[in-house]
Structures are given as structure tokens and as C-alpha cells.
Amino acid sequence: MSVALPALTPLQETLWVSLTGRAFDRRQPRPILGDEMADEILRKSGYRNPELRWSPSLSVDVAHRAKKLDEVAERFIARHPDAVGIDLGAGLDTRAFRIDTPPTVDWYDVDFPEVVTARQRLIPHRPHAHAIGADLTDPGWLEALPADRPAVIVADGVVPFLAEDEMIALLKRLTSHFPSGEIAFNVYNKFTVWAANHYSGARFLAPLFKSRGFDRRDPERWDPKLTLVRHVLLTREPEVARYPLALRLWTRLAALSASFSRLGTTIAQYRF
Ligand SMILES: C[S@@+](CC[C@H](N)C(=O)[O-])C[C@H]1O[C@@H](n2cnc3c(N)ncnc32)[C@H](O)[C@@H]1O
């Protein structure tokens, strides 16, 4: 029996794309992320969308970028056991469960109030994990978070839904609120946004994009407190060994060129 969920807007409904991607990954013989909970949540929700069929580009890409962002959070928390963790536009992701945050860490999943209601109906309570129902562009929501602890902030599949001025304001609010920290997200450059508009599998997402795409160096220009410390090209990461054969061969070829690899999914990590 499926759980009754609030009506979601098309923007909020994008959460099903990444949740489905992680659930599909889990069902593969050699998963990249192996997120059992994503599969459970998808089944429990009763969500069905015949347009969201398994494809390597969906499950591999979504699972791989989630794994890299998990690693950013895990490494930061290992160095800062008193950290605050934030998942911006968390959807139905359960990163705090996946990385098993220690009780010394407070973890905040931020998304629209309707999404938070859906989370509360589908995801078990976890001590020290908090859901904040807010629009990321609203300046008020950060006030509820501690301001005296280092923060690790991740955004998975979220930045294209913010216009450039909204993204800049959000970054500045985050780097002003916390004394220090790291911010990481998957970059949507001009090519990614162009490709989303032209690739039939992503055409339903593209009209929701507010960003026209940006370069990994742009956030340093937008907010001088930010320094790019790592730019991960997924094509060159060890998880490629788990890709299905045809995609793996293609990715190995793409990995030979950094410029070409930058056209695919990349993770930018900044320190402040
Ligand atoms: C593609 S989904 C990704 C969800 C999640 N990060 C994941 O990986 O499963 C994008 C999410 O960003 C949220 N989002 C987009 N713009 C937002 C905003 N201005 N404020 C709060 N949430 C936002 C949507 O509601 C949605 O849950």
C-alpha cells in the first residue's frame, strides 16, 4: 500500500528523478552507491512514471555524483566531528543515513515545505537530523541553524533550478553564517544546460532550469570567501569500473581528455 503524499509542483517532482536513479542503481548487479533506503522509499511511495525507465545515464550518473558528494561530507565530518551538515534541495535523499553521521553532527535537509511533509511520511526519524521546509532563496531559514560550528554543505542536482543572482545570494548567506566550511555541488555548465534542452530524456527538466550554466571558477568570483579546492571529473573516478560495459568504454575514452570530461558531470568543492 502506498503512502498518501502532498501534491508536488513540477519543480518539487524532480526529486523523483534522482530517487529513481538511486533506486535503479541499487538494483544493478554492481551498484555504485548501493542505496537500499532509496529503493525502499521509492517502493513505499508507490510512485510510478513510465517515462522514468532505467537507463545508464540516469542511474549511473545520479548514483555516482551522490557518492562523490557523500565522500565530501564524510571527509569533512571525519575532520570536524562537531560539524553542521546541510543538504540543499534534499528531496527524498537520505544522505545522513548513508554516511551514518555521528550524534555529534547536526544534519539539516532543506527543501520546500511540501517536500518536507513527504519526507516525514516516507523517511524514518533520525536523531540529530532535521528537516527544514523552506525556499532556499528565502533569506530567513538559515537563522534556525547554529552559527558557531564548521559546516559542510552539499547540493545534489539542485543548482540549475536557481537563477544566478539567487545562487550568489545563497552562497553569500552560507559563507557569512558559518565561521568556516566546505560547499560542494555538481556543476551545470553552459554545455550541460544546452544538452538538457536538446536531449529528449531530460527535456522535461530543462524548462525548470533557471540557471544558464556556469563555470566551476565562477563561484570564486561571485563570493571571494570561496576557494575552489577540488574539481572532480567523474570520468576519471574509480567507480567507472562499475559502469555497464558500453558506458564504461565510452567513459574511459572521454577520460583521456579533461576538456571533454568537463562536459559531463563534475563535482566542484569549495572551502571558505
Ligand atoms: C533534482 S531534485 C534533487 C533532490 C535531491 N538532492 C536528490 O539528489 O535526490 C531537486 C530538488 O531541489 C529542490 N529545490 C529546487 N529549488 C529549490 C528552492 N528554491 N528551494 C528549496 N528546494 C528547492 C526541489 O524541490 C527538489 O527536491
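Residues numbered from 1 in each chain as written. Predicted model: local features only at pLDDT ≥ 70, side-chain atom pairs only at ≥ 80, totals over all residues. Heavy atoms only, no water.

Novice: Quick one: what's the story with a nonpolar patch on the surface, residue by residue and with numbers?
Specialist: Together, F191, W194, W250, L253, L256, F260 and L263 give the surface a local cluster of nonpolar side chains, amounting to about 780 Å² of exposed area. Of all the secondary-structure elements, those providing two or more residues to the nonpolar patch are helix 8 (190-198) and helix 10 (245-255). (Patch = residues over 30% accessible without salt bridge, like charges linked within 9 Å, V, L, I, M, F, W, Y side chains within 5 Å. Areas by Shrake-Rupley, 256 points an atom, 1.4 Å probe, with all protein chains shown as cover. Salt bridge = Lys/Arg side-chain N within 4 Å of Asp/Glu carboxyl O. Helix = DSSP H or I, 4+ residues; strand = E, 2+ residues; numbered from the N terminus.)

Novice: Before we move on, can you summarise the pairing of strand 3 (residues 129-133) with the specific residues and values?
Specialist: Bridge count between strand 2 (residues 106-111) and strand 3: five bridges; the pairing is parallel. Note that in strand 3 the partner of D111 across the bridge is G133. Note that the unit made of strand 2, helix 6 (residues 113-122) and strand 3 has a crossover that is right-handed. (Pairing = 2+ DSSP bridges. Right-handed = clockwise from strand over helix to strand, strands pointing away.)

Novice: Tell me about the packing of helix 2 (residues 15-26) against helix 4 (residues 56-79), residues and numbers included.
Specialist: Each pair of packed helices gets described by two things: the angle between the helix axes and the distance between those axes. Contact geometry of helix 2 with helix 4 gives a least axis separation of 8 Å together with a crossing angle of 95 degrees. Taken as axis vectors, helix 2 and helix 4 run roughly perpendicular relative to one another. Residues V17, S18, G21, R22, F24 and D25 of helix 2 form the contact with helix 4, whose participating residues are L58, S59, V62, A63, R65 and A66. The residue makeup of the contact of helix 2 with helix 4, split by class, is six nonpolar, three polar and three charged. (Axes fitted to C-alpha atoms, helices over the stretch in contact; angles between N-to-C directions. Parallel < 35°, antiparallel > 145°, perpendicular 65-115°, else oblique. Contact = heavy atoms within 4.5 Å. Nonpolar A, V, L, I, M, F, W, Y, C, P; charged D, E, K, R; others polar.)

Novice: Mind laying out the site of the ligand, listing which residues take part and the relevant values?
Specialist: Taken together, 20 residues sit near the ligand, with R22, G89, D111, L136 and D156 positioned nearest. A distance of 2.7 Å separates an oxygen atom of the ligand from a polar atom in the side chain of D111. With three residues, the top contributor of residues to the shell around the ligand is helix 2. Considering only residue class, the shell around the ligand consists of nine nonpolar, six polar and five charged. (Near = heavy atom within 4 Å. Polar contact = N/O pair within 3.5 Å; in protein donor to acceptor, adjacent residues only side chain to side chain.)

Novice: So what's going on with helix 3 (residues 36-45)? Which residues, and what values?
Specialist: Where helix 3 is concerned, the buried positions are M37, A38, D39, I41, L42 and S45. The opening residue of helix 3, the one whose side-chain oxygen lies 3.1 Å from the backbone nitrogen of M37, is D35. In the segment just after helix 3, G46 is the residue with positive phi, at about 70 degrees. (Buried < 20%, exposed > 50% of the residue type's maximum accessible area, 1.4 Å probe, protein only.)

Novice: I'd love a proper account of the packing of helix 2 against helix 3, names of residues and values included.
Specialist: Contact pair helix 2 / helix 3: the axes reach a minimum separation of 8 Å and the direction vectors enclose 120 degrees. The orientation of helix 2 relative to helix 3 falls into the category oblique. Along this stretch, helix 2 crosses helix 3, giving a crossing that reads as left-handed. Between helix 2 and helix 3, the residues in contact are W16, L19, T20, R22, A23 and R26 and E36, A38, D39, I41, L42 and S45, respectively. Residue composition of the contact of helix 2 with helix 3, by class: six nonpolar, two polar and four charged. (Left-handed = near helix turned anticlockwise from the far one by under 90°.)

Novice: How would you sum up the nonpolar core? Please name residues and give values.
Specialist: What tends to happen in soluble globular proteins is that the nonpolar side chains get buried as a cluster. Grouped together as the largest cluster of nonpolar side chains are 59 residues, with contacts concentrated most on I86, W141, L174 and F178. In terms of residue count, the dominant contributor to this core is helix 2 (six residues). Non-local contacts of L174, meaning those with residues more than four positions away in its chain, are made with I86, L88, W141, L142, I153, I183 and F272. (Core = buried A, V, L, I, M, F, W, Y, C linked by side-chain atoms within 4.5 Å.)

Novice: Quick one: what's the story with the environment of A151, residue by residue and with numbers?
Specialist: Summarising the element assignment, A151 is placed in strand 4 (residues 151-155). Measuring from C-alpha to C-alpha, the distance between A151 and F76 comes to 8.5 Å, with 75 residues separating the pair along the chain.

Novice: Tell me what's going on with the pairing of strand 4, and back it up with residues and numbers.
Specialist: Most of strand 4 sits out of view: five of its five residues are buried. Burial along strand 4 is two-sided: the face carrying A151, I153 and A155 and the face carrying V152 and V154 are both buried. Examined bridge by bridge, strand 1 (residues 84-88) and strand 4 share five bridges and lie parallel to one another. Note on strand 4: the bridge partner recorded for I86 is I153. Relative to strand 5 (residues 181-186), strand 4 is paired through five bridges, and the arrangement is parallel. Residue pairing in the sheet places V154 in a bridge with A184 of strand 5. Assessed by its sense of winding, the connection that carries the chain from strand 4 through helix 7 (residues 164-177) to strand 5 is right-handed.

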